[in-house]
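Structural description and commentary
For reference, the chains in residue letters:
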Amino acid sequence: EYLVQLLVEIALRALSPGMNDMYTAVACLDHLFGAFAQVLPHGLRAPIRCDYEGRTRVELYPTRLADLVEAAFNPIREAAANNLPVALRILETLDRMAGRAGEPDTREAIMLQAELTATAAIRHAETDHDREALSRRLSAVRTSIEAHGGSPDPAADGAARGGRGGPTAAKAAT
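All of the points below concern the structure found in this document. (Residues numbered from 1 in each chain as written. Predicted model: local features only at pLDDT ≥ 70, side-chain atom pairs only at ≥ 80, totals over all residues. Heavy atoms only, no water.)

Looking now at the packing of helix H5 (residues 104-124) against helix H6 (residues 128-147). Running from N to C, H5 and H6 point in directions that differ by 170 degrees, and their axes come no closer than 10 Å. It follows that H5 is roughly antiparallel to H6 by the angle criterion. The residues of H6 that touch H5, namely those facing Arg107, Ile110, Met111, Ala114, Glu115, Ala118, Ala121 and Ile122, are Arg131, Leu134, Ser135, Leu138, Val141, Arg142 and Ile145. Residues that form the contact of H5 with H6 fall into these classes: ten nonpolar, one polar and four charged. (Axes fitted to C-alpha atoms, helices over the stretch in contact; angles between N-to-C directions. Helix = DSSP H or I, 4+ residues; strand = E, 2+ residues; numbered from the N terminus. Parallel < 35°, antiparallel > 145°, perpendicular 65-115°, else oblique. Contact = heavy atoms within 4.5 Å. Nonpolar A, V, L, I, M, F, W, Y, C, P; charged D, E, K, R; others polar.)

Another aspect to go through is the packing of helix H4 (residues 84-98) against H5. Closest axis-to-axis distance for the H4/H5 pair is 10 Å, and the angle between their directions is 165 degrees. Judged by the angle between their axes, H4 and H5 are roughly antiparallel. Seen from above, H4 lies across H5 with left-handed handedness. Residues Ala87, Ile90, Leu91, Leu94, Met97 and Ala98 of H4 touch H5, and the partners they reach there are Ile110, Gln113, Ala114, Thr117, Ala118 and Ala121. Looking at the contact of H4 with H5, its residues break down into ten nonpolar, two polar and no charged. (Left-handed = near helix turned anticlockwise from the far one by under 90°.)

Time to look at the environment of glutamate 9. Secondary-structure assignment places glutamate 9 in helix H1 (residues 2-15). Looking at glutamate 9, the relative accessible area reads 38%, which means it is partly exposed. For the pair glutamate 9 and isoleucine 76, spaced 67 residues apart in sequence, the C-alpha separation works out to 8.9 Å. (Buried < 20%, exposed > 50% of the residue type's maximum accessible area, 1.4 Å probe, protein only.)

Positionally, threonine 117 belongs in helix H5. According to the relative accessible area criterion, threonine 117 is buried, its value standing at 3%. Excluding residues within four positions of it along the chain, threonine 117 makes contact with Arg77, Ala87, Ile90, Leu91 and Leu94.

Moving on, we come to the nonpolar core. One finds Phe36, Phe73, Met97 and Ile110 to be the most contacted residues of the largest nonpolar core, which totals 44 residues. For this core, the secondary structure elements donating two or more residues are H1, helix H2 (22-37), helix H3 (65-79), H4, H5 and H6. When neighbours within four sequence positions are excluded, methionine 97 is seen to be in contact with Phe33, Phe36, Leu40, Val69, Phe73 and Ile110. (Core = buried A, V, L, I, M, F, W, Y, C linked by side-chain atoms within 4.5 Å.)

A separate point is the side chain of threonine 93. Along the chain, the position of threonine 93 falls in helix H4. Judged by relative accessible area, which is 0%, threonine 93 ranks as buried. Residues contacting threonine 93, with those up to four places away along its chain left out, are Leu29, Phe33 and Phe73.

This part is about the packing of aromatic side chains. Geometrically, a pair of aromatic rings is defined through the distance of the ring centres and the angle of the planes. Scanning the model with the defined rule gives one aromatic pair in all. A cation over an aromatic ring shows up here: arginine 96 above the ring of phenylalanine 33, its NZ or CZ 3.7 Å from the ring centre. (Phe/Tyr/Trp six-rings, centres within 6.5 Å; stacked < 30°, edge-to-face > 60°. Lys NZ or Arg CZ within 6 Å of the ring centre and 35° of its normal.)

Inspection of every chain in the model, using the stated rule, returns eleven salt bridges. Here aspartate 105 makes a salt bridge to arginine 64, at a shortest N to O gap of 2.9 Å. Taken together, the residues aspartate 105 in helix H5 and arginine 64 in the loop between strand S2 (56-59) and H3 connect sequence positions 41 residues apart. When sorted by exposure, aspartate 105 lands in the same class as arginine 64, which is buried. The salt bridge partner of arginine 131 is aspartate 128, with a shortest N-O separation of 2.8 Å. With arginine 131 and aspartate 128 both in helix H6 and three residues apart, this pair spans about one turn of that helix. Members of the salt-bridge network, linked through shared partners, are Asp30, Arg89, Glu92 and Arg137. (Salt bridge = Lys/Arg side-chain N within 4 Å of Asp/Glu carboxyl O.)

Structural data, given as structure tokens:
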């Protein structure tokens, strides 16, 4: 979590009007992908820590990977709405993440972030070419989600699972 928060802070400072440094923001997105790539296939560890005999010793506040995706991309997406290269890199990063995400609620969060990013960036795009590029990247994310067992419609995934519990909640209960 700390690494994600740190990268988000650096990206936000880079995107601030005083800095306007899209290259640093893009580098932060690349590092965010690296951080997520390690945990996307299997999710985060269960919040219970046991001793060598298997007895529970510590219960941590559980963090859902989907929540971490939202915490990472919400602020960067908002700051990059009028910055086409960064918006495109966000969509590219989400596409790469979608291809690795193992949990349905994580895929749902990735798709939601992609839709929000594309919607905001398309609203600020000045040319049809830019809008088409954003739409193509959003379609790529949808395709990746579909190819890895998810619906491109976040509401459909949630309804199919009966809410937002998902596999992480099941791990925490065991």
